[in-house]
Amino acid sequence: MPHIVVCFKWVIDETYLRRAPGGGLDFSSVDYKLSDYDRNAIEEAVRIRTALGGTVAGITVGPPEAAKGVKDALSRGMDAGVFIADPAFVDLDPSQTVSLIAQAVRNHVGPFDLIICGEGSGDLYAQQVGPRLAEALGIDCVAFATQISLEGGTLTAQRRLEGVIEVVTAPLPALVTVLPEINTPRIPGVKDTLMAGKKPVRTLAKGDLGATGGPRLQTLAVRAAAMERACEKFGVEEAEVIRFVDALKKRGVLA
Amino acid sequence: MAVLWIFSETTTSTKELLGLGRELISAVGGSITVLMGPDGEGREEWAAYGADEIILLPPLADGLAMEAHIPVIAAAAAEEKPDIILLPATARGREMAPRLAQRLDTGLCSNCVAVRWSGGDIEMDRVVYGGAAIQTVKFLTRPVMATVAPKTFSPPVPEEGRSARLRELPPLAAGTVPGVRIVEKREKRRLARDLTQAKVVVAAGRGLEKKEDLALVEEFASLVGGEVGCTRPLSEELHWLPTELCIGLSGVSVKPDLYIGVGVSGQVQHMTGVRGAKVIAAVNRDENAPIFAQADLGIVGDLYEALPKLITALKK
Amino acid sequence: MDFKLTEEQELIKKNMREFCEKYVDPIAAEIDENSRHPAEVFQKLAEGDWMGIPIPAQYGGSGADYLTHICAVEELARSCASTGFTVSIHVGIASMLILLFGNEEQKKTFLVPLAKGEKLGAFVLTEPGAGTDVMAATTTAVLDGDHYVINGTKTFTSNGPTGDTYLVFAWTDKAAGRKGMSAFIVPRGTPGMTAGNHFAKMGLRSSQTSEMLFKDCRVPKANLLGKEGNGLAMAMTGFDHGRTGIAAQAVGIIQAALEESVRYAKERVQFGQPIARHQAIAWMIADMATDLNAARFLTYHAAWLKDQGQPFSKEASMAKLFASEKAMHHTIKAVQIQGGYGYCKGAKVERLMRDAKITEIYEGTSEAQRMVISGNVLR
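If you're wondering where the values come from, they're calculated on a predicted model, not measured in any experiment.

Caption draft 1: Inspection of the overall build of chain C at higher detail. A tally of helices and strands in chain C yields ten helices and ten strands. A compact globule built from 379 residues would reach a C-alpha radius of gyration of about 21 Å, and chain C, at 21 Å, matches this within 12%. By its C-alpha atoms, chain C is 80 × 45 × 45 Å across when sized along the principal axes. When contacts within chain C are restricted to residue pairs at least 6 apart in sequence, long-range pairs at least 24 apart make up 73% of them. With the model as given, the accessible surface of chain C reaches about 15,200 Å², and the carbon-plus-sulfur share is 56%.

What follows is the structure, given as structure tokens:
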């Protein structure tokens with residue numbers, strides 16, 4: 001019966017991001033959500049547990065406000081959570097996040113067979129935490145799986161690369177990152193959400209874990225996209241559509 | 001003076017990385033090393049495209065994937081301390097780069113779309129928040145590492161007669177052989193239509209309500225002389241179109257004269273694959289859709305209203 | 001003061017939104033057009049425990065509070081007012097009345113399957129001659145041995161054709177006036193109870209409405225809900241809960257009208273710019289957003305009072321009155337903003353406008369709400 005760990009992140013829902021005058025980003029009306037990719041990771045872990053038994057524990061790093069995300073993640077069928085929380089844990093560098101998660105996995109989670117991560121986070125989408133975590137823990141890594149199964153201490157995964165589908169095996173424990181097409185995440189029912197608050201959550205503060213080291217990358221700026229292509233907008237009326245076609249012709253991309 | 005390493009996976013991506021590499025090195029001086037598979041196939045070409053040195057990676061035992069080179073590359077990089085390591089933002093590159101970065105305890109800019117020197121530092125841009133924003137990063141550690149979005153940089157003009165030094169790295173040390181084994185490999189079906197060669201690409205997105213509506217997109221595409229591609233949900237979740245027509249990260253990258261996104265919101269995973277288009281156009285009913293921030297021209301309106309009107313206009 | 005939903009309420013509301021986007025939005029126009037009860041959606045609602053949110057777990061429900069149920073109704077109505085209403089009357093009146101007034105046996109037999117969503121509840125009060133004037137009802141229930149024998153004609157029964165468990169109100173002692181009406185739980189298939197004519201309605205079309213005909217319908221004594229003579233008081237309690245649900249339905253309708261208006265106003269170009277930049281349109285949208293907030297706060301407050309165990313009759317009426325009238329007002333504006341397009345079948349605002357009207361009528365007309373409110377204020 002496998003013990004599975006899932007990593008997840010509570011992220012800004014980008015639908016609520018607006019461009020601020022001057023090219024910056026307006027975060028004033030943002031809402032947060034469980035990163036879409038992580039929903040697939042959780043669903044896959046819960047699917048495996050439903051078939052094989054075992055446990056699913058979730059782990060996340062974030063500011064204390066991300067507690068809602070822990071509840072959300074638990075409502076999707078995981079058994080327990082580890083919440084590494086500190087007001088300073090915002091915009092961590094992937095290497096710092098990995099350092100925290102690796103320490104928590106080693107010292108506070110217990111033996112595990114499989115770690116599942118989403119393919120990337122919904123906000124910064126660096127796609128680093130999964131593969132880095134495998135290295136930090138010294139376990140095998142399979143990224144971008146579209147199908148996985150466990151049998152007799154072995155992970156079998158189908159991964160999608162450019163132009164080729166690869167089926168690979170790896171001895172457990174291993175880490176796998178999954179693509180969204182691997183499953184369709186559930187919509188938690190009312191009872192699932194109400195029960196989530198009753199599941200065990202281990203909250204780890206900064207002091208419970210060792211130092212992460214400084215950031216390896218420094219963010220100099222985050223500005224609204226679209227600097228180089230100034231979009232000329234057209235309406236949908238006939239005259240506008242004709243103007244649009246003419247504009248394409250003028251640019252020489254339409255015969 | 002800077003030493004820049006490039007990990008070579010595919011011909012196209014390697015040329016593009018060499019294009020970027022030469023741009024960076026020409027500003028400060030230094031050398032470019034290409035790390036490639038043990039057969040060294042095509043290495044003369046890399047010399048012409050700007051490589052000063054070729055490193056052949058050791059042969060891999062049957063069943064080992066390219067990722068098995070990680071310990072060898074990491075050991076060499078730890079010893080030789082290159083200043084910059086670039087990998088393609090292919091699926092393999094996106095797995096290998098963070099693992100290498102972790103081993104080298106250094107920062108990595110994923111899926112970088114722009115690079116520049118600023119003072120003595122390298123700054124890179126990447127796309128975040130599903131395409132809504134650009135993040136600019138600088139590196140606090142060495143080596144500087146990045147995966148580079150496909151079709152972002154142009155291959156350099158080859159110079160005949162250039163040559164490159166050649167050397168090999170030692171095979172995997174015992175105990176560093178990974179447990180991952182390839183047990184099966186299936187080539188994806190090749191389609192008659194090749195999106196990557198198309199002059200005009202029309203991409204269908206989630207704005208389409210049902211599969212039958214693809215006919216509308218097809219009709220429009222034929223009138224603009226284009227091929228139809230799609231965003232990932234259409235091929236991978238709804239299975240309306242084959243995987244081969246999926247544009248973006250982990251799909252194909254295109255560089256047509258004209259790209260038109262129809263009902264495409266403009267998520268970074270898709271837009272990364274069309275960034276190289278000369279002109280980007282969009283039809284979307286949501287004025288705030290990220291695609292408008294990345295397009296040259298856009299119709300703000302329902303595609304079910306816009307496409308029939310476009311079709312009429314084009315038929316005239 | 002705390003204007004925040006709890007984490008659970010917020011997550012549940014978001015999940016309901018996701019549910020609606022996946023299962024309700026794609027069929028909302030079709031079930032309106034065909035006046036179809038979407039059994040497949042109710043199956044999914046049952047699976048997600050949405051059919052008995054405020055019913056305690058021991059009776060098959062989720063054991064959440066009433067405000068959580070109200071949030072779910074709001075989100076459902078934002079996608080489909082009919083579906084939101086069906087859940088509202090099923091939970092807010094049929095199930096709540098059995099929870100509040102039923103004995104243990106009745107709760108086990110009737111409430112559990114309702115709360116689990118296996119059965120659908122209906123509230124059978126209105127008669128052809130007795131709308132707002134409930135006392136004008138003529139349906140009677142006469143005790144005969146171990147049974148009550150019900151005779152009469154009811155009308156405008158929501159879930160009439162589709163219901164499984166009916167709460168039927170009839171005179172057991174007409175002479176006793178307000179203390180002479182009683183309520184009975186009548187399961188579908190009880191001989192003597194049939195659904196009569198189905199009504200073809202202007203709006204709320206996927207909600208099934210019919211007459212209910214009672215001809216010597218024998219109902220076991222054990223199915224008397226609460227005490228004999230308490231029917232009217234129970235109906236009023238049911239209305240307090242139900243009206244809060246109708247208010248939530250209206251809030252969902254206004255929310256949808258606002259979203260449709262904002263989207264259209266940004267897209268539609270006239271005189272060289274999106275009509276959102278024309279002040280006439282922008283102000284309509286400002287009013288919509290303002291009334292939406294007000295309606296939502298009134299509604300949540302009524303539900304909150306209920307959850308605090310406080311009287312909420314007046315507040316439920318206020319919420320229903322305000323939200324329903326604003327829903328009507330703003331759906332008309334939403335059609336106006338979309339002009340000819342909004343007037344055509346297929347435009348969501350056209351459906352919203354037809355659906356909004358009923359919120360001013362059922363579970364007490366706006367006039368009836370004003371009676372309740374003024375009665376409370378002038379007491």
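Caption draft 2: Summary view of the packing of helix α6 (residues 238-250) of chain A against helix α9 (residues 303-315) of chain B. Where α6(A) contacts α9(B), the axes come no closer than 9 Å and their chain directions differ by 60°. Compared by their axis directions, α6(A) and α9(B) come out oblique. The two elements α6(A) and α9(B) meet at a crossing, and its hand is right-handed. Here α6(A) contributes Glu238(A), Val241(A), Ile242(A), Phe244(A) and Val245(A) to the contact with α9(B), which in turn contributes Lys309(B), Leu310(B), Ala313(B) and Leu314(B). When the residues that make up the contact of α6(A) with α9(B) are grouped by side-chain class, the tally is seven nonpolar, no polar and two charged.

Caption draft 3: Up close: the environment of Ala289(C). All names here are of chain C. Among the secondary structure elements, Ala289 is positioned in helix α7 (residues 279-307). Given the relative accessible area of 31%, Ala289 is considered partly exposed. Along the sequence, Ala289 and Ala257 sit 32 residues apart, while their C-alpha atoms lie 9.7 Å from each other.

Caption draft 4: Just the interface of chain B and chain C, in detail. Of the residues lining the interface, eight residues belong to chain B; the matching set on chain C comes to five residues. With both sides pooled, the region where chain B packs onto chain C buries about 520 Å², and carbon together with sulfur makes up 34% of that total. Sorting the residues of chain B by area buried against chain C places Arg285(B), Glu287(B) and Val300(B) first, and these three jointly supply 71% of that buried surface. Linking chain B to chain C there are one salt bridge. For Glu287(B), the salt bridge identified is with Arg277(C), shortest N-O distance 4.0 Å.

Caption draft 5: Representation of the environment of Arg354(C) in the model. All names here are of chain C. In this structure, Arg354 sits in helix α9 (residues 348-359). Assessed through its relative accessible area of 13%, Arg354 is described here as buried. For the pair Arg354 and Pro274, spaced 80 residues apart in the sequence, the C-alpha separation amounts to 27 Å. Dropping the residues within four chain positions of it, Arg354 is found in contact with Asp32, Met202, Gly203, Arg205 and Lys345. A polar side-chain atom of Arg354 sits 2.9 Å from the main-chain carbonyl oxygen of Met202.

Caption draft 6: Seen up close, the interface of chain A and chain B. Facing 75 residues of chain A, the contacting portion of chain B comprises 89 residues. The contact between chain A and chain B buries some 7,300 Å² in all, and 56% of this surface belongs to carbon and sulfur atoms. At the surface where chain A touches chain B, the tally comes to ten salt bridges. For Glu67(B), the salt bridge identified is with Arg159(A), shortest N-O distance 2.9 Å. Here chain A and chain B share 36 residue pairs in polar contact (both at pLDDT 80 or more) between them. Elements supplying a minimum of two residues to the side of chain A that touches chain B: α3 (94-109), α4 (129-137), β9 (140-151), β10 (154-161), β11 (164-171), β14 (217-224), β15 (232-234) and α6 of chain A. Here the side of chain A that touches chain B is composed, by residue class, of 44 nonpolar, ten polar and 21 charged.

Caption draft 7: Inspection of helix α1 (residues 36-52) of chain A at higher detail. Residue and element names in this part refer to chain A. With 17 residues, α1 extends 25 Å between its outermost C-alpha atoms, agreeing within 8% with the 24 Å of an ideal straight helix rising 1.5 Å per residue. Among the 17 residues that make up α1, twelve are buried, leaving the element largely enclosed by the rest of the structure. Turning to α1, its buried residues are Tyr37, Asp38, Arg39, Asn40, Ala41, Ile42, Glu43, Glu44, Ala45, Val46, Ile48 and Arg49. In the stretch just after α1, Gly53 is the one whose phi turns positive, near 80°.

Caption draft 8: Structural detail: helix α10 (residues 366-377) of chain C. Residues and elements named next belong to chain C. The terminal C-alpha atoms of α10, which comprises twelve residues, lie 16 Å apart, in line with the 16 Å expected from a rise of 1.5 Å per residue. Looking only at α10, the buried set comprises Ser366, Ala368, Gln369 and Ile373. When α10 is viewed along its axis, its buried side chains cluster within an angular range of 160° and face the same direction. When the buried face of α10 is taken as reference, the exposed residues oriented beyond 90 degrees from it are Glu367 and Met371. Elements in contact with the buried residues of α10: α6 (231-267) and α8 (313-343).

Caption draft 9: The nonpolar core, seen in detail. Core analysis: the biggest nonpolar cluster contains 96 residues, and Leu45(C), Trp50(C), Phe123(C) and Phe169(C) have the highest contact counts within it. Per element, the largest residue contribution to this core is 16 residues, and it comes from α6(C). Apart from residues lying up to four places away in sequence, Leu45(C) is in contact with Met16(C), Phe19(C), Trp50(C), Met51(C), Leu76(C), Thr83(C) and Val87(C). Among the nonpolar cores identified, the runner-up in size contains 57 residues, and Ile260(B), Ala289(B), Ile291(B) and Leu314(B) belong to it.

Caption draft 10: Structural view of the sheet that holds strand β11 (residues 200-204) of chain B. Ordered by their spatial adjacency, six strands build an open sheet running β15(A)-β15(B)-β14(B)-β13(B)-β11(B)-β12(B), and the pairing between neighbours is parallel. The open sheet has two edge strands with one neighbour each: β15 of chain A together with β12 (227-230) of chain B. Here the average twist between neighbouring strands, direction ignored, is 20°. Pairing geometry for strand β13 (residues 258-262) of chain B and strand β14 (residues 279-284) of chain B, over five bridges, is parallel.

Caption draft 11: Highlighting the sheet that holds β11(A). On the basis of which strands lie adjacent, the open sheet formed by ten strands has the order β13(A)-β7(A)-β6(A)-β1(A)-β8(A)-β12(A)-β9(A)-β10(A)-β11(A)-β10(B) and mixed pairing. The two strands at the open ends of the sheet, each matched to only one other strand, are β13 (201-204) of chain A together with β10 (181-187) of chain B. The average undirected angle you get between the axes of adjacent strands in this sheet is 30°. Packed onto the sheet, helix α2 (residues 67-74) of chain A meets β6 (55-62), β7 (80-85) and β13 of chain A and runs at close to 160° relative to β7(A).

Caption draft 12: Structural view of the environment of Glu127(C). Residue and element names in this part refer to chain C. Mapped onto the elements, Glu127 comes out in the loop between β1 (121-124) and β2 (140-144). The class of Glu127 is buried, set by a relative accessible area of 4%. On a C-alpha basis, the gap between Glu127 and Lys154 in space is 4.4 Å, while along the polypeptide they are 27 residues apart. The contacts of Glu127, once residues within four sequence positions are left out, are Ala137, Thr138, Thr139, Thr153, Lys154 and Thr155. From its side chain, Glu127 meets the backbone nitrogen of Thr138 in a polar contact 2.7 Å long.

Caption draft 13: Region of the structure containing the packing of aromatic side chains. Inspection of the entire model under this criterion finds twelve aromatic pairs over all chains. Between Phe19(C) and Trp50(C), the ring centres sit 6.4 Å apart and the planes meet at 55°, which makes this aromatic pair tilted. Of the two residues, Phe19(C) sits in helix α1 (residues 7-33) while Trp50(C) sits in the loop between α2 (39-47) and α3 (66-79), which places them 31 residues apart along the sequence. Classification of Trp50(C) by relative accessible area gives buried; the value is 3%. Ring centres of Phe85(C) and Tyr362(C) lie 4.4 Å apart, and the angle between their planes is 25°; on these two criteria the pair is classed as stacked. Here Tyr362(C) lies in the loop between α9 and α10 and Phe85(C) lies in helix α4 (residues 81-101), a separation of 277 residues in the sequence. One aromatic cluster in this structure is built from Phe19(C), Tyr23(C) and Trp50(C). Across the ring face of Phe144(A), the terminal group of Arg94(B) is positioned such that the distance to the ring centre comes to 4.7 Å.

Parameters at a glance
- Residues numbered from 1 in each chain as written.
- Chains lettered and ligands numbered in written order.
- Predicted model: local features only at pLDDT ≥ 70, side-chain atom pairs only at ≥ 80, totals over all residues.
- Heavy atoms only, no water.
- Helix = DSSP H or I, 4+ residues; strand = E, 2+ residues; numbered from the N terminus.
- Rg over C-alpha atoms; globule rule 2.2 N^0.38 Å.
- Contact = heavy atoms within 4.5 Å.
- Areas by Shrake-Rupley, 256 points an atom, 1.4 Å probe, with all protein chains shown as cover.
- Axes fitted to C-alpha atoms, helices over the stretch in contact; angles between N-to-C directions.
- Parallel < 35°, antiparallel > 145°, perpendicular 65-115°, else oblique.
- Left-handed = near helix turned anticlockwise from the far one by under 90°.
- Nonpolar A, V, L, I, M, F, W, Y, C, P; charged D, E, K, R; others polar.
- Buried < 20%, exposed > 50% of the residue type's maximum accessible area, 1.4 Å probe, protein only.
- Buried area = accessible area lost by both parts, 1.4 Å probe.
- Salt bridge = Lys/Arg side-chain N within 4 Å of Asp/Glu carboxyl O.
- Polar contact = N/O pair within 3.5 Å; in protein donor to acceptor, adjacent residues only side chain to side chain.
- Expected span 1.5 Å × (residues − 1).
- Arc of directions from axis to C-beta.
- Core = buried A, V, L, I, M, F, W, Y, C linked by side-chain atoms within 4.5 Å.
- Pairing = 2+ DSSP bridges.
- Phe/Tyr/Trp six-rings, centres within 6.5 Å; stacked < 30°, edge-to-face > 60°.
- Lys NZ or Arg CZ within 6 Å of the ring centre and 35° of its normal.

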